[in-house]
Every structure is written in structure tokens, then in C-alpha cells.
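This is what each chain is made of:
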Amino acid sequence: AQTVTQSQPEMSVQEAETVTLSCTYDTSESDYYLFWYKQPPSRQMILVIRQEAYKQQNATENRFSVNFQKAAKSFSLKISDSQLGDAAMYFCAYVYNNAGNMLTFGGGTRLMVKP
Amino acid sequence: GAVVSQHPSWVICKSGTSVKIECRSLDFQATTMFWYRQFPKQSLMLMATSNEGSKATYEQGVEKDKFLINHASLTLSTLTVTSAHPEDSSFYICSASSQINQPQHFGDGTRLSIL
């Protein structure tokens, strides 16, 4: 079975600085997708970034980028120039092609941003 | 694009009442919809997967007769919590995807409080 692990229950970053959230996963599949979702206090789930496993290039979305290490099964999220609005729960998620789009979520990391 | 509407956002009702939660994809056809439950400070727990026109697939430990799911059209799925009790109080979130390997788009969630 696939598992997703986020080893940092909480992280803290100073406004304008950079923070990296860790995620590891376990799978025997070779073709899959990885996601980072943000859940602010409003509890809406917002897609932050997506990575296809067959792509070697790391995905980026403005201040958000990932470090995808397929061999190590690691998928970390880097947030640059942190803003107060980045404070939220962040969930790493995995889906493989034949799973009918069923996501497997990590336990989440609560990110606090200090002004 | 890719908006998912969930209604109601918050419901409070007496023990023994049945509560229906709606999940609608507003601008795309959702072949698959997912229902999650989230306890405070925890990750999302998948309850069931529903495909339009067929019976929902429930995760282990989720009572089918307790949580009735209907996916009668490509834009609407409903979750009915039957004879709700205080232990059913939780945050329920739906998501939808238009096709395989496309990101899931989440509704804003429903906070269910059973007195």
C-alpha cells in the first residue's frame, strides 16, 4: 500500500524568509503524481503545486517550488519570501495512474509565519 | 475554472436527524467524486469514492448504511448522514475530478455539529 509521511507536524518561518516542508512516500509504482495542498484556517483545500513522476524537472509556481527526488521517494516543498498568508496546514498527497484519482494524504504540517 | 460547491457550509442539528450534504461541480463534469472526513488537527480521511451512475466504493470501517452516497449526475453527489449522533460531528469535505490524473478540486467543506 502507498503511504505518505510528513515528518514535521509544525514548522515556523520568519516573514520574507524561506522554509522547506518535507514529504516522503512509499510506492512500488513508477508512474504517479504528487501534490502539495494548502489548507488555511478557512479549511478550504487549495492546490499549491503538482509534479508528474515521469518529469525530472522540478515543478515551480511563483514562490513555491519542489525538490523531487524519485529514487529517494522524497518530495519537499520550498516556500520562498514567506508571507503571512502562507500560514496554513500543508498536505502532501500522492496518486498513481490506476488508482482512479484516489489521493493518499500525508498527516500534514502546520506552518506558522512570524511577522 | 474547476469550481466545486459544497452546501451547507455549517449545520447544527439534533441527534437522530438525517443530514444531507451536496457537492456540485459548477463548471466541469465530474466523473468521480470523493468524500472525506477530517477531525481537528488531522489529515483528510477518505470515506468513499463515487462514480456517476454506480454505487459508491466505501473505505474500510465506513458504514455504508450510515453514510449514504448518491452520484446521480456528472455534476452532483450527495452524502447523507443518517440518524446522526454526536460522534458523527466532524468536518466533511468533497472533491471532484474530471478525468484520470487531473487534480482533485475540493469543496469548501461542511462543518457538522450534532447536539
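Everything below is about the structure printed above this text.
A brief structural summary. What you are looking at is a predicted structure, and each value in this text was computed from that prediction instead of being measured.

1. Considering the overall build of chain A
Moving on, step 1. A count of helical and extended segments in chain A gives zero helices and twelve strands.
Moving on, step 2. Computed over C-alpha atoms, the radius of gyration of chain A comes to 14 Å, within 12% of the 13 Å expected from 2.2 N^0.38 for 115 residues, which places it in the range of a compact globule.
Moving on, step 3. In terms of overall dimensions, chain A has C-alpha extents of about 45 × 25 × 20 Å along its principal axes.
Moving on, step 4. Considering only residue pairs separated by 6 or more positions, chain A has 55% of its internal contacts joining residues 24 or more positions apart.
Moving on, step 5. Of the roughly 5500 Å² that chain A leaves accessible, carbon and sulfur atoms contribute 45%.
Moving on, step 6. Between the averaged position of the 10 positive side-chain charges in chain A and that of its 10 negative side-chain charges there is a distance of 2 Å.

2. Details of the packing of aromatic side chains
Moving on, step 1. In the structure shown here, the tally under the stated rule is 14 aromatic pairs over all chains.
Moving on, step 2. The interplanar angle of 55° and the centroid separation of 6.1 Å between the aromatic rings of A:Tyr37 and A:Phe105 together place this pair among those described as tilted. Of this pair, A:Tyr37 sits in strand β5 (residues 32-39) while A:Phe105 sits in strand β11 (residues 104-105), and the two are 68 residues apart along the sequence. A single burial state applies to A:Tyr37 and to A:Phe105, both of which are buried.
Moving on, step 3. Ring centres of A:Phe68 and A:Phe75 lie 6.3 Å apart, and the angle between their planes is 80°; on these two criteria the pair is classed as edge-to-face. Both residues of the pair, A:Phe68 and A:Phe75, count as buried.
Moving on, step 4. An aromatic cluster is defined as three or more aromatic residues linked by ring pairs; in this entry it consists of A:Phe35, A:Tyr37, A:Phe91, A:Phe105, B:Tyr36 and B:Phe106.

3. Observations regarding the pattern of salt bridges
Moving on, step 1. Counting across every chain of the model gives six salt bridges over all chains.
Moving on, step 2. Linking A:Lys55 and A:Glu52 is a salt bridge whose minimum nitrogen-to-oxygen distance equals 3.9 Å.
Moving on, step 3. With relative accessibility at 37%, the residue A:Lys55 sits in the partly exposed group.
Moving on, step 4. A relative accessible area of 14% means that A:Glu52 is categorised as buried.
Moving on, step 5. Here B:Asp88 and B:Lys66 are joined by a salt bridge, their closest N and O atoms 2.8 Å apart. On the criterion of sequence distance, the pair formed by B:Asp88 in the loop between β8 (76-81) and β9 (90-97) and B:Lys66 in the loop between β6 (57-58) and β7 (67-73) is long-range, its members being 22 residues apart.

4. Description of the interface of chain A and chain B
You'll often see interface size given as the accessible area lost when the parts meet.
Moving on, step 1. Counting residues at the interface gives 20 residues for chain A, matched by 24 residues for chain B.
Moving on, step 2. Interface of chain A and chain B: buried area, both sides summed, is about 1800 Å²; carbon and sulfur atoms make up 51% of it.
Moving on, step 3. Of all residues in chain A, A:Arg43, A:Met45 and A:Asn101 give up the largest surface area on contact with chain B, accounting jointly for 35% of the area buried on that side.
Moving on, step 4. Our count for the contact surface shared by chain A and chain B stands at zero salt bridges.
Moving on, step 5. The interface formed by chain A and chain B includes five residue pairs in polar contact (both at pLDDT 80 or more).
Moving on, step 6. Elements with a minimum of two residues in the side of chain A that touches chain B: β5 and β6 (46-52) of chain A.
Moving on, step 7. Top contributing element to the side of chain A that touches chain B by residue count: β5(A), with four residues.
Moving on, step 8. The class makeup of the residues in the side of chain A that touches chain B is nine nonpolar, eight polar and three charged.

5. Things to note about the environment of B:Lys55
All names here are of chain B.
Moving on, step 1. Among the secondary structure elements, Lys55 is positioned in the loop between β5 (44-51) and β6.
Moving on, step 2. Overall, Lys55 belongs to the exposed group, its relative accessible area being 77%.
Moving on, step 3. Along the sequence, Lys55 and Leu68 sit 13 residues apart, while their C-alpha atoms lie 10.0 Å from each other.

6. Looking at the sheet that holds β7(B)
Residues and elements named next belong to chain B.
Moving on, step 1. The strand order β1-β3-β8-β7 describes an open sheet built from four strands, whose pairing is antiparallel. Strand pairing shows two members of the sheet lacking a second neighbour, β1 (4-7) and β7, which therefore form its edges. Sheet twist, expressed as the mean angle between neighbouring strand axes with direction ignored, is 15°.

7. Let's talk about the side chain of A:Lys38
Residues and elements named next belong to chain A.
Moving on, step 1. The topology assignment puts Lys38 in strand β5.
Moving on, step 2. Of the side chains with opposite charge, Asp86 lies nearest to the buried Lys38, which makes no salt bridge, at 4.4 Å.
Moving on, step 3. Engagement of the side chain of Lys38 in a polar contact is seen with the backbone oxygen of Gly85, the distance being 2.7 Å.
Moving on, step 4. If sequence neighbours within four positions are ignored, Lys38 has contacts with Gln44, Met45, Ile46, Val48, Gly85, Asp86, Ala88, Met89 and Tyr90.

About the cut-offs
Residues numbered from 1 in each chain as written. Chains lettered and ligands numbered in written order. Predicted model: local features only at pLDDT ≥ 70, side-chain atom pairs only at ≥ 80, totals over all residues. Heavy atoms only, no water. Helix = DSSP H or I, 4+ residues; strand = E, 2+ residues; numbered from the N terminus. Rg over C-alpha atoms; globule rule 2.2 N^0.38 Å. Contact = heavy atoms within 4.5 Å. Areas by Shrake-Rupley, 256 points an atom, 1.4 Å probe, with all protein chains shown as cover. Lys, Arg positive; Asp, Glu negative; His and termini not counted. Charge placed at Lys NZ, Arg CZ, Asp CG, Glu CD. Phe/Tyr/Trp six-rings, centres within 6.5 Å; stacked < 30°, edge-to-face > 60°. Buried < 20%, exposed > 50% of the residue type's maximum accessible area, 1.4 Å probe, protein only. Salt bridge = Lys/Arg side-chain N within 4 Å of Asp/Glu carboxyl O. Buried area = accessible area lost by both parts, 1.4 Å probe. Polar contact = N/O pair within 3.5 Å; in protein donor to acceptor, adjacent residues only side chain to side chain. Nonpolar A, V, L, I, M, F, W, Y, C, P; charged D, E, K, R; others polar. Pairing = 2+ DSSP bridges. Axes fitted to C-alpha atoms, helices over the stretch in contact; angles between N-to-C directions.

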